[in-house]
Amino acid sequence: LHVLGQLFNHHLKSKQQALPQALLPVPLHQKRLRERGFNQSMELARPISKQFNIPILSSYVERNRDTGEQKGLTETQRKQNMAHAFSIRKNIRHQHIAILDDVITTGTTCATLRSTLLAQGIKKVEIWCCATTKQ
C-alpha cells in the first residue's frame, strides 16, 4: 500500500488542480478493523498527507454498523446495506475533501459517504481511488 501511496503522489504532482483541504479515508467498522488490523484506505492516505501536508480526518467520520462485504450484492442490496452507514463525529471545518478508497466496484460506499458529507454542508467532495472494477 505504501508503494501505491507513492504512485498516487506522483500522479497528483503531475496534475495542475487545486488539492483538497483534507483527506478522508473510508472508515472501517471497529469489528472489521480489528479483524484486518489496519485500514487500507488510511495506509494510502498517509504518504499523500505527508507529501502535500494535507490533514487526514481519521476520527471525524465513523461507520455506524458492520455493513459486511458488498461483494455478491446487487446494486439495490448495496444501497440498502450502506443506507445510514456513516455519521459525522466531529465538526468538519474544511469545505473541500477527498475521500480515499483502495478499490471502487460500484461506488455505493463512496457515494453514501459523499452524501453524508454534503448533507453536513461541505461544498466539494472528490473521490480518489487506486483502482475500479467492473462487477
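Everything that follows concerns the structure shown earlier in this document.
These lines cover the structure that appears in this document, whether it is placed above or below. For clarity, every value in this text was computed on a predicted model and none was experimentally measured. (Residues numbered from 1 in each chain as written. Predicted model: local features only at pLDDT ≥ 70, side-chain atom pairs only at ≥ 80, totals over all residues. Heavy atoms only, no water.)

1. Thoughts on the pattern of salt bridges
Okay, step 1: Under the criterion given, the structure shown has five salt bridges.
Okay, step 2: Measuring nitrogen to oxygen at the nearest pair gives 3.4 Å for the salt bridge that ties Asp66 to Lys31. Taken together, the positions of Asp66 in the loop between β2 (61-63) and α4 (75-82) and Lys31 in helix α2 (residues 30-36) put the pair 35 residues apart, joining distant regions of the chain.
Okay, step 3: Among the ionic pairs, Arg89 bridges to Glu62, the shortest N-O distance being 3.9 Å. Here the residue Arg89 occupies a position in the loop between β3 (86-88) and β4 (96-104), and Glu62 occupies one in strand β2, the gap between them amounting to 27 residues.
Okay, step 4: Accessibility expressed as a relative area gives 33% for Glu62, which makes it partly exposed. (Salt bridge = Lys/Arg side-chain N within 4 Å of Asp/Glu carboxyl O. Helix = DSSP H or I, 4+ residues; strand = E, 2+ residues; numbered from the N terminus. Buried < 20%, exposed > 50% of the residue type's maximum accessible area, 1.4 Å probe, protein only.)

2. Points about the packing of aromatic side chains
Okay, step 1: Scanning all chains against the criterion turns up zero aromatic pairs.
Okay, step 2: In this structure, Lys90 is placed above the aromatic ring of Tyr60, and the distance from its NZ or CZ to the ring centre is 5.2 Å. (Phe/Tyr/Trp six-rings, centres within 6.5 Å; stacked < 30°, edge-to-face > 60°. Lys NZ or Arg CZ within 6 Å of the ring centre and 35° of its normal.)

3. Some words on the sheet that holds β4
Sheet strands line up and pair through hydrogen bonds in the backbone, either parallel or antiparallel.
Okay, step 1: Strands sit in the order β1-β4-β5 across an open sheet of three strands; the sheet is parallel. Whereas interior strands pair on both sides, the edge strands pair on one side only; in this sheet they are β1 (22-25) and β5 (124-132). Strand-to-strand twist in this sheet, taken as the mean axis angle between neighbours without regard to direction, amounts to 25 degrees.
Okay, step 2: Contacts from helix α3 (residues 40-52) reach β1, β4 and β5 within the one sheet, and its direction differs from that of β4 by about 130 degrees.
Okay, step 3: Running at roughly 165 degrees to β4, helix α5 (residues 108-119) makes contact with β1, β4 and β5 of the sheet. (Pairing = 2+ DSSP bridges. Axes fitted to C-alpha atoms, helices over the stretch in contact; angles between N-to-C directions. Contact = heavy atoms within 4.5 Å.)

4. Remarks on the nonpolar core
Okay, step 1: In terms of nonpolar packing, the biggest core is built from 17 residues, with Ile97 and Leu117 touching the most fellow members.
Okay, step 2: Among the secondary structure elements, those contributing two or more residues to this core are β1, β4 and α5.
Okay, step 3: Setting aside anything within four residues of it in sequence, one finds Leu117 in contact with Leu24, Val61, Ile88, Ile92, Ile97, Ile99, Ile122 and Val125.
Okay, step 4: Of all hydrophobic cores here, the second largest spans nine residues; its members include Leu44, Ile48, Ile54 and Ala98. (Core = buried A, V, L, I, M, F, W, Y, C linked by side-chain atoms within 4.5 Å.)

5. Here's the deal with the state of the cysteines
Okay, step 1: Summed over the entire model, instances satisfying the criterion amount to zero disulfides.
Okay, step 2: The structure places no disulfide on Cys110, whose sulfur is separated from the nearest cysteine sulfur, that of Cys129, by 7.3 Å.
Okay, step 3: By relative accessible area, which is 24% here, Cys129 ends up partly exposed. (Disulfide = S-S within 2.5 Å.)

6. Side note on the pairing of β4
Okay, step 1: Counted residue by residue, β4 has seven buried out of nine residues, so it is predominantly covered.
Okay, step 2: Taken together, the four bridges between β1 and β4 define a ladder with parallel strand orientation. Residue pairing across strands places Leu23 opposite Ala98, the latter belonging to β4.
Okay, step 3: As paired elements, β4 and β5 share eight bridges and run parallel to each other. Of the residues in β5, the one forming a bridge with Ile97 is Val125.
Okay, step 4: As for the winding sense of the linkage, the β-α-β connection from β4 through α5 to β5 is right-handed. (Right-handed = clockwise from strand over helix to strand, strands pointing away.)

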